[in-house]
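Residues per chain are reported as follows:
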Amino acid sequence: MTTLSDRNILILGGTADARKLAVALAGKGTNVTLSLAGVTLSPRDQGVPTRVGGFGGADGLAVHLHEQRIELLIDATHPYATTISRNAEIAAAKSNTPILALRRAPWRPEAGDMWYEAGDLKAALAIIGSEPKRLFVALGRKEIAPLATAPQHLYLIRSVDPVDAALLPPKHETILDRGPFALDGERQLLQNHRIDAVVCKNSGGTAAYAKLRAARALGLPVHMLNRPPLPDVPQGSDVETVIRMACEYLQT
Ligand SMILES: NC(=O)c1ccc[n+]([C@@H]2O[C@H](COP(=O)([O-])OP(=O)(O)OC[C@H]3O[C@@H](n4cnc5c(N)ncnc54)[C@H](OP(=O)(O)O)[C@@H]3O)[C@@H](O)[C@H]2O)c1
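Rules used in this analysis
Residues numbered from 1 in each chain as written. Predicted model: local features only at pLDDT ≥ 70, side-chain atom pairs only at ≥ 80, totals over all residues. Heavy atoms only, no water. Pairing = 2+ DSSP bridges. Helix = DSSP H or I, 4+ residues; strand = E, 2+ residues; numbered from the N terminus. Contact = heavy atoms within 4.5 Å. Axes fitted to C-alpha atoms, helices over the stretch in contact; angles between N-to-C directions. Parallel < 35°, antiparallel > 145°, perpendicular 65-115°, else oblique. Left-handed = near helix turned anticlockwise from the far one by under 90°. Nonpolar A, V, L, I, M, F, W, Y, C, P; charged D, E, K, R; others polar. Domains from an automatic or database assignment. Buried area = accessible area lost by both parts, 1.4 Å probe. Salt bridge = Lys/Arg side-chain N within 4 Å of Asp/Glu carboxyl O. Polar contact = N/O pair within 3.5 Å; in protein donor to acceptor, adjacent residues only side chain to side chain.

Moving on to the sheet that holds strand β3 (residues 50-52). Pairing is parallel across the open sheet formed by six strands, whose spatial order is β3-β2-β1-β4-β5-β12. Each end of this open sheet is capped by a strand with a single partner; those strands are β3 and β12 (235-236). Pairing geometry for strand β1 (residues 8-12) and strand β4 (residues 72-75), over four bridges, is parallel. Directly across from I11, in β4, lies its bridge partner I74. The strands touched by helix α2 (residues 57-67) are β1, β3 and β4; relative to β1, the strand with the most contacts, the crossing angle is about 155°.

What follows is the structure in structure tokens.
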């Protein structure tokens, strides 16, 4: 049986779970590299060897897997990062590299929640309607362009990095912040800005969940953008499960 310390793992990251997974697998003696897209201007220290930037599509990733002698690829990207997840599945097949995914379970509405599910931001804006509202938007800075198609609303936009001014709707306020967020802070934010509804993605996990608890406490509707379909590769929904699966792969 080969020991874990002989094995090269590439983790596609950009999430808190990917960082935790990478640190835990490195702690077991594996040669882990964490890969980031390079979209966040000042990413957190990841605590493990990190590479930054795209691979050049599925073909580029397949070449990387081959050249770096990667023995296990783990897709731990965000559930809305569909391109890289598809590329990972294709590249793993092309290079004959085993693949696992860490896919956080989606949040489910609880008693007291008032969720409206939508296929995308345009569909959510159609549901919100023509009457001017004050909307809290927790989306990535590159996803907000459709807000300009509903200029009647005031948007409070929170993102990790500054939003490109050309994408901003006419009435907006911006906040730069990065989770994890706590219930009290989220409730105050919604109250102070007299927010009528929340618009967000169904990211799952705990770091971004407090806004949903705050909306529930204040009786505010949430416009939830549905998750896109992702490749059906062997997967776990939490860090511990994926560590177990990775160890099983590497020890056989
Ligand atoms: N989408 C979200 O809501 C969201 C939220 C939080 C964090 N993130 C993180 O932000 C990153 C980008 O998200 P996205 O939605 O823009 O991705 P995407 O649309 O699926 O990917 C766009 C391109 O970015 C590169 N890329 C993405 N993730 C990468 C990674 N981990 N390592 C190296 N290259 C990567 C790939 O370029 P090449 O084709 O050149 O290889 C990919 O084709 C991801 O790592 C994701 O985990 C995304």
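Bringing the packing of α2 against helix α3 (residues 82-95) into the picture now. Look at α2 against α3: their axes get within 8 Å of each other, and the N-to-C directions meet at 50°. What the angle tells us is that α2 and α3 run oblique. The way α2 lies across α3 gives a crossing that is right-handed. For the pair formed by α2 and α3, the contact residues are G57, A58, D59, L61, A62 and L65 on the first element and N87, A88, I90, A91, A92, K94 and S95 on the second.

Two orientations exist for strands paired in a sheet by backbone hydrogen bonds: parallel and antiparallel. The strand order across the open sheet formed by six strands is β6-β11-β10-β7-β8-β9, and the pairing between neighbours is parallel. For this open sheet the edge positions go to β6 (115-118) and β9 (172-176), each flanked by a neighbour on one side alone. The mean inter-strand angle of the sheet, taken between neighbouring strand axes irrespective of direction, is 20°. Pairing of strand β7 (residues 134-138) with strand β8 (residues 154-159) involves four bridges; the strand directions are parallel. Bridging from a neighbouring strand, R134 pairs with L154 of β8. With respect to the sheet, helix α6 (residues 210-218) is in contact with β6, β7, β8, β10 (197-201) and β11 (222-225), its orientation differing from that of β10 by roughly 155°.

Turning our eyes to something else, we now look at the packing of helix α1 (residues 16-27) against helix α7 (residues 239-251). It is the contact of α1 with α7, at a shortest axis distance of 10 Å, that shows an interaxial angle of 40°. As far as their axial angle goes, α7 and α1 are oblique. Two packed elements cross with a definite hand, and for α1 against α7 that hand is right-handed. Only V239, V242, I243 and A246 of α7 make contact with α1, whose side of the interface consists of D17, K20, L21, A24 and L25. Tallied by class, the residues present in the contact of α1 with α7 amount to seven nonpolar, no polar and two charged.

Along its sequence, the protein chain is carved into domain 1 (4-105 + 229-251) and domain 2 (115-225). The distance between the C-alpha centroids of domain 1 and domain 2 comes to 29 Å. At the junction of the two partners, domain 1 supplies 11 residues and domain 2 supplies 14 residues. Counting each side, the surface lost to burial between domain 1 and domain 2 is near 930 Å², with a carbon and sulfur contribution of 44%. Linking domain 1 with domain 2 are zero salt bridges, by the criterion used here. For the pair domain 1 and domain 2, the number of links is five residue pairs in polar contact (both at pLDDT 80 or more). Considered class by class, the residues forming the side of domain 1 that touches domain 2 number six nonpolar, three polar and two charged.

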